[in-house]
Amino acid sequence: MAKAQAINEAFRRPQFAEMLKEKKLQKKNKNAKAQSARVSSLHSLQTQHDLIFSFIRQPPPPPPPPGTTPHNPTNKTDRTSHHYKEARRSKVNMALCSSSTSPELKCCCFDNLRGKNPSFNQPNQFLRIGDCYSNKGRVQVQASSQLSGHLEGSFMEKKRLQEPLSHRKLEFVRTLLIDNYDSYTYNIYQELSTINGVPPVVVRNDEWTWRDICRYLYEENAFDNIVISPGPGSPACPEDIGICLRVLLECWDVPILGVCLGHQALGYVHGADIVHAPEPVHGRLSEIEHNGDRLFHDIPSGQNSGFKVVRYHSLIIDADSLPKELIPIAWSNSADGFSYLGTLQSGEIPDAYESQSRQKILLSDISTQIKNGSYRHSIYSNRMRREVLMGIMHSTRPHYGVQFHPESIATCYGSKILRNFREITEDYWKRLRSPFVKERNVHYTGAESLLLREITRTSRSVNNSDELGREALRPRQLFCDLGDRRFGIQHSRSDVKFTSGGHLLIEDAEGSIERAYLEEGFFDFLDKELLSFHHEKKDYEGLPFDFYGGYIGYIGYNLKVECGAASNHHKSRTPDACFFFADNVVVIDHLYDDVYILSLNEENTPMSTWLDATEQKLIGLRASSTRQLEEQNLHAPTVSRNKSAFISEVSRGDYVNNVENCLKYIKDGESYELCLTTQLRKRIGEIDSLGLYLHLREKNPAPYAAWLSFSKEDLCICCSSPERFLRLDKNDLLEAKPIKGTIARGSTPEEDEQLKLQLQYSEKDQAENLMIVDLLRNDLGRVCEPGSVHVPNLMNVESYATVHTMVSTICGKKHSNVSAVNCVRAAFPGGSMTGAPKLRSMEILESIESCSRGIYSGSIGYFSYNRTFDLNIVIRTVVIHEGEASIGAGGAIVALSNPEDEYEEMILKSSAPAKAVMYFD
């Protein structure tokens, strides 16, 4: 051990000696009292029966009531279209805990490759800054300060240390994963969690100071290697790359792998030039040839070898400027490009080992060539300039970079590359220490939920006959006979209004109004409400659905500011969230024609008579349903040719110009994909909104359709969405079903099938879909158990009344210590409505789009009291507010987009809801 310690000390560079000495002195003089986390309390909401509320966020925030302090969730600088690149945001994360220049971090005390430090301990609960899905809001620290970056994987206990075992593989490798504000970082996190045996620590590139990095790498020996994530922008921009350049330059004795932007940073920090690629490549695949370096061990190489990778980049390292200390180890022909489905039909793939044996260059031969200077010449002697550098390594440091994305769902051998990096790390540290490796174990624990309110639920299944189910399936009669028509089937409600900072207005079932001020925001409010309910599985055992009562409504797009977005440049005309609490529910099973009625009651309170009364009403529907249906058909509205049409917020020329601006940002590496939208508006008179919804549902049926009416806000929503945003079922399984890729239906069966195949094999649409699939994998990866995120369906084409769409399905097992609301917060807004990387893309779109999206691009659905939810993406929707009908529409802009085609796609998507309004107005 003395020898190993001496080796470790030798690798601590002299420039760190004074810094470490000073840090130890500061630690000794610090007061050891840990600060307790400030707890904000919300005024409890005492309501009975149904609760309806709305959330409005308005910049700038109004002055808070006396004795309260508004919460500012972000300090990032807003960008405008004129100063976008100059006014790069200072990436300061959400202020969930205070920062410190000398933090004391507690984390897993692993016996590591570089030496053990017993003071590096694990807290019971902690939260990664910027990620809002853990149950505890503060990091517990050893000194009187709190850390500005936190360990991911907060569910781990202290591991057990055992006696040294010789000639054993390390069970754990601990990775510091530096996130460059990318939307694919947690795909790497998920992969490394299973490969390394323990989740990596995730910090953003501006969370830790250089002193923090030095402490955990060189004093605590907390990490065995570093992975630098992809990200938007360029390594030449300090705001884009953060501390990564200094890490690459000065941490020469730690194994590092850079991915995409991290790869470019490795080249840039050693003097290589970063230039535009021959063409931007996003969501497309390329074949890779490599030299057999250890990073590509047991991976085939070359044309038709089966080694195809996904690329998301517009910038590259200029191979001609590569310094002598950096060695090219992989490359791709910039002219080649494959769609994902195209690779599946490309024919047979040669045996991987046979292909590699033809291409492999032994590392010993490489070392010899490096010494005599012939290596670089041999690499480039027969290579043309059109080939793009896809991988590099440092000649003397354990530093590697790959331009492509090994973590993408469509990359071949991606996991193998990360596994090879783990083995490189193990071998590197074994050469510097004792050959003995201690066995390490880790255990996962789940956080227990706080139960504040006891509520029981009673339900009754109405199965008098199949005819009753069919009669109840006629929504107009059901809505009109069972409750206030303006509020669906609920007969009591209340309203809540929010402004930026947190003004809460509640109107209960009796009309009384209560006001409160919330510091934390809507998602925290809703989370605490849901966590306050007690439920038992026996209450709803056997029911074939997941909603048993709870909150029903919508989340507007502007609530993105509670999910990491920098700001809302445009004010929404409608509340940013409206919900009502449904304690009495009628559920219709459309598949089996069954009807269920459910009622929630406070524990130890008399049972409601609503169940009996509703059952009698349902039975009575059979007598009058036929006559009323005939009357409805007799009074069907007709279309007038003199009606005014919808008017777009932007002209055709302006929309085309906006698409071209998006393409410029993509070319400069600021985004991989931008989901550009606009609004179409029309003044209307009195309109039957329920009739409009039923007509829309008949003409354009969709699985995630919804009708909502909030009379206090003069607001109705008629939605025929075909897209699920996110669902959490009672088994804690999360599912997202993003749509990217749309084409009109054909007029004949032959034309329709041809158009369907055209969409299926469109390289552009596949690229769009793949980028969003990887983004949703990332979002689910933040809240799901390691290794559980998977894609059961990739790029399936689904057909609806007016369009074909390309749909994928992403699933994962929710981690036990993550709440339902925080699952939504981790993924909102839906990636199919933003683009990738999500945060940077939303900032760019905020500067391009001319108005607020409002409810459009948000989500409609429910949060059940048993902590399940199901939310759609608000598209193909008519919003009726204060005498105006509005429709949002748009599309994803990628490097392959044609501006004129994008405008036509936007018009196509708005056509079905626009025709429905014209029919009824």
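Look up: the structure comes first, before these words.
Nothing here was measured: the structure is a model prediction, and the numbers come from that model.

In this section: the sheet that holds strand β11 (residues 387-394). Spatial ordering of the open sheet is given by β4-β3-β5-β6-β12-β11-β10-β8, a layout of eight strands whose pairing is mixed. Taken across any chain shown, the strands that pair with only one partner, and hence form the sheet edges, are β4 (201-204) and β8 (289-290). Where strand β5 (residues 225-228) and strand β6 (residues 256-259) come together, three bridges link them in parallel fashion. Bridging across to β6, I228 finds its partner in G258. Docked against the sheet, helix α12 (residues 414-430) engages β5, β6 and β12 (399-402), running at close to 150° with respect to β5.

Counting buried positions along helix α15 (residues 522-531) gives seven out of 10 residues, so the element sits mostly inside the fold. The set of residues buried in α15 consists of F522, F523, F525, L526, D527, E529 and L530.

By the definition in use, this model includes 34 salt bridges. Linking E846 and K560 is a salt bridge whose minimum nitrogen-to-oxygen distance equals 3.3 Å. Of this pair, E846 sits in helix α22 (residues 838-848) while K560 sits in the loop between β18 (550-555) and β19 (577-582), and the two are 286 residues apart along the sequence. A salt bridge links K838 to D779, with the shortest nitrogen-to-oxygen separation between them at 2.9 Å. Of the two residues, K838 sits in helix α22 while D779 sits in helix α20 (residues 763-781), which places them 59 residues apart along the sequence. In this structure, K838 and D779 share a single accessibility class: buried. Among the ionic contacts, a cluster of salt bridges with common partners joins R573, E649, R681 and E884.

Here helix α23 (residues 899-920) contains 22 residues, and its C-alpha end-to-end distance of 33 Å stays within 8% of the 32 Å for a straight helix at 1.5 Å per residue. Considering bend angle alone, the principal kink of α23 is centred on S911 and spans about 45°; proline P913 follows within four residues of it. Between the side-chain oxygen at the start of α23 and the backbone nitrogen of E900 there is a gap of 3.0 Å, and the oxygen is on N898.

Quick look at the pairing of strand β25 (residues 715-721) now. Consecutive side chains of a regular strand alternate in pointing toward one face of the sheet and then the other. Across the seven residues that make up β25, a large majority, seven, are buried. Inspection of the sheet shows strand β24 (residues 704-710) paired to β25 by seven bridges, in the antiparallel sense. Bridging from a neighbouring strand, F710 pairs with L715 of β25. What sits between β24 and β25 in their antiparallel hairpin is a turn of four residues, with D714 showing a positive phi close to 50°. Bridging between β25 and strand β34 (residues 877-881) involves five bridges; their strand directions are antiparallel. In the strand pairing of β34, I717 is matched with V879.

Cut-offs applied
Residues numbered from 1 in each chain as written. Predicted model: local features only at pLDDT ≥ 70, side-chain atom pairs only at ≥ 80, totals over all residues. Heavy atoms only, no water. Pairing = 2+ DSSP bridges. Helix = DSSP H or I, 4+ residues; strand = E, 2+ residues; numbered from the N terminus. Contact = heavy atoms within 4.5 Å. Axes fitted to C-alpha atoms, helices over the stretch in contact; angles between N-to-C directions. Buried < 20%, exposed > 50% of the residue type's maximum accessible area, 1.4 Å probe, protein only. Salt bridge = Lys/Arg side-chain N within 4 Å of Asp/Glu carboxyl O. Expected span 1.5 Å × (residues − 1). Bend = angle between axes of the 7 residues up to and from the residue. Polar contact = N/O pair within 3.5 Å; in protein donor to acceptor, adjacent residues only side chain to side chain.

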